[in-house]
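Each chain, written out:
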Amino acid sequence: MPAKPDGEKTNFFPSKLIFALGAALFVLAAWVFAELADDAVPGNYLELETKIMRSFRHPDDLSRGLGPPEVTLAMRDITALGSTTVLTLVVALVLGFLFLCRRYRAALLILTATLSGTIIGSSAKNIIDRDRPQIVPHLTEVSSKSFPSGHSMMSSVVYLTLGALLAQTTARRREKVYVIAAACLLTVLIGMTRVYLGVHYPTDVVAGWAAGVAWALLCWGIAWWLQRHGQLRHPEASSDKKG
């Protein structure tokens with residue numbers, strides 16, 4: 001295969017078909033959220049959700065998480081990665097780096113995605129007004145409403161958006177896949193801990209993922225558009241200009 005000319009960029013979206021698939025996934029995620037809000041909140045899946053939540057506990061003592069005590073401690077550590085404190089710190093550090101690199105549009109995109117996602121998630125919780133599950137004892141403290149899971153939604157918004165933006169700055173396809181896969185894995189693990197700790201119904205978590213993915217995909221599309229118009233440059237390209 002002929003080598004690519006120096007400075008040529010590899011687009012993460014090699015065709016309009018991939019972009020169309022992203023748009024279709026956005027619609028699907030939005031539909032899943034709407035369906036769960038309509039069906040899950042009234043308790044249509046309560047029997048199944050009860051079985052799932054109890055499967056994460058010792059059969060003879062529902063106040064104990066499945067596995068040794070170290071597993072519960074690990075779950076609390078992982079769930080903290082989706083907390084407001086940690087996500088705020090991550091976003092702040094990323095914004096600081098982007099400002100140092102003078103990538104103001106990317107910084108604005110992340111800030112807008114995070115703030116708007118927070119507002120949407122909080123508003124949905126207050127409007128839907130689903131109480132926290134009392135199926136098993138909670139293994140961590142909670143205070144807000146249950147649907148959708150804020151940890152699941154905001155970890156999706158923040159980590160998937162950051163992953164998408166980071167993927168736009170690298171040329172190698174395997175690096176792009178690794179970044180996106182890592183962001184997805186982190187998001188899934190955080191959501192699963194919410195069920196393990198007994199503070200969310202499984203449908204709360206799925207709804208949070210759906211809402212977060214939909215919002216991250218929207219931001220992903222914006223990032224793709226910015227790259228196509230030269231607003232998100234590869235690090236090596238910027239270095240070449242300075243050199």
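Above: the structure in question.
Residues numbered from 1 in each chain as written. Predicted model: local features only at pLDDT ≥ 70, side-chain atom pairs only at ≥ 80, totals over all residues. Heavy atoms only, no water.

**Topic: the overall build of the chain**
Next, step 1: Assigned secondary structure in the chain consists of nine helices and two strands.
Next, step 2: Along the chain, from the amino end to the carboxyl end, the secondary structure elements read α-α-β-β-α-α-α-α-α-α-α.
Next, step 3: Taking all 243 residues of the chain together, 42% fall into the buried category.
Next, step 4: Within the chain, counting contacts between residues at least 6 apart in sequence, those at least 24 apart form 77% of the total.
Next, step 5: Split by element, the accessible area of the chain, about 13400 Å² in all, is 67% carbon and sulfur. (Helix = DSSP H or I, 4+ residues; strand = E, 2+ residues; numbered from the N terminus. Buried < 20%, exposed > 50% of the residue type's maximum accessible area, 1.4 Å probe, protein only. Contact = heavy atoms within 4.5 Å. Areas by Shrake-Rupley, 256 points an atom, 1.4 Å probe, with all protein chains shown as cover.)

**Description of the nonpolar core**
The nonpolar side chains of a soluble globular protein tend to be buried, and buried together.
Next, step 1: By size, the foremost hydrophobic cluster in this structure holds 31 residues, and its most contacted members are Phe 33, Ile 110, Val 158 and Tyr 159.
Next, step 2: Elements with a minimum of two residues in this core: α1 (16–39), α4 (84–100), α5 (104–128), α6 (150–168), α7 (173–196) and α8 (202–228).
Next, step 3: Filtering out sequence-adjacent residues up to four positions away, Phe 33 remains in contact with Ala 124, Ile 128, Phe 147, Pro 148, Ala 207, Ala 210 and Ala 211.
Next, step 4: Residues Val 136, Val 195, Tyr 201 and Val 205 belong to the second largest nonpolar core, which totals six residues. (Core = buried A, V, L, I, M, F, W, Y, C linked by side-chain atoms within 4.5 Å.)

**Structural notes on the pattern of salt bridges**
Next, step 1: Counted by the stated rule, this structure contains five salt bridges.
Next, step 2: A salt bridge links Arg 130 to Glu 49; the shortest N-O distance between them is 3.4 Å. Taken as a pair, Arg 130 in the loop between α5 and α6 and Glu 49 in helix α2 (residues 46–55) lie far apart in primary sequence, 81 residues in all. Of the two residues, Arg 130 and Glu 49, both sit in the buried class.
Next, step 3: Here Lys 145 and Asp 131 are joined by a salt bridge, their closest N and O atoms 2.7 Å apart. Of this pair, Lys 145 sits in the loop between α5 and α6 while Asp 131 sits in the loop between α5 and α6, placing them 14 residues apart in sequence.
Next, step 4: Taken together, the salt bridges that share partners define one network made up of Glu 49, Arg 130 and Asp 204. (Salt bridge = Lys/Arg side-chain N within 4 Å of Asp/Glu carboxyl O.)

**What about the environment of Arg 132?**
Next, step 1: Mapped onto the elements of the fold, Arg 132 is located in the loop between α5 and α6.
Next, step 2: When its relative accessible area of 12% is taken as the criterion, Arg 132 is described as buried.
Next, step 3: In the structure, Arg 132 is positioned 12 residues away from Ser 144 in sequence and 8.2 Å away in space, judged by C-alpha atoms.
Next, step 4: The contact partners of Arg 132, leaving out residues within four places of it in the chain, are Lys 125, His 138, Val 142, Ser 144, Lys 145, Ser 146, Arg 194, Val 199, His 200 and Tyr 201.
Next, step 5: Within the structure, Arg 132 has its side chain in polar contact with the backbone oxygen of Lys 145 (distance 3.4 Å).
Next, step 6: Side-chain polar atoms of Arg 132 contact the side chain of His 200, separated by 2.9 Å. (Polar contact = N/O pair within 3.5 Å; in protein donor to acceptor, adjacent residues only side chain to side chain.)

**Some points on the packing of aromatic side chains**
Next, step 1: Inspection of the entire model under this criterion finds three aromatic pairs.
Next, step 2: Each ring, one from Phe 33 and one from Phe 147, has its centre 5.6 Å from the other, and the planes form 35°; the classification is tilted. With Phe 33 in helix α1 and Phe 147 in the loop between α5 and α6, this residue pair connects regions lying 114 residues apart in the sequence. For the residue pair Phe 33 and Phe 147, the accessibility class agrees, reading buried in each case.
Next, step 3: Ring geometry for Phe 99 versus Tyr 104: centroids 5.6 Å apart, planes at 50°, classification tilted.
Next, step 4: A residue is classified by how much of its surface remains accessible, and Tyr 104, at 46% relative accessible area, is partly exposed.
Next, step 5: When the ring centre of Tyr 201 is taken as origin, the NZ or CZ atom of Arg 130, which lies over that ring, is 3.9 Å away. (Phe/Tyr/Trp six-rings, centres within 6.5 Å; stacked < 30°, edge-to-face > 60°. Lys NZ or Arg CZ within 6 Å of the ring centre and 35° of its normal.)

None of this, on its own, says anything about what the molecule does.
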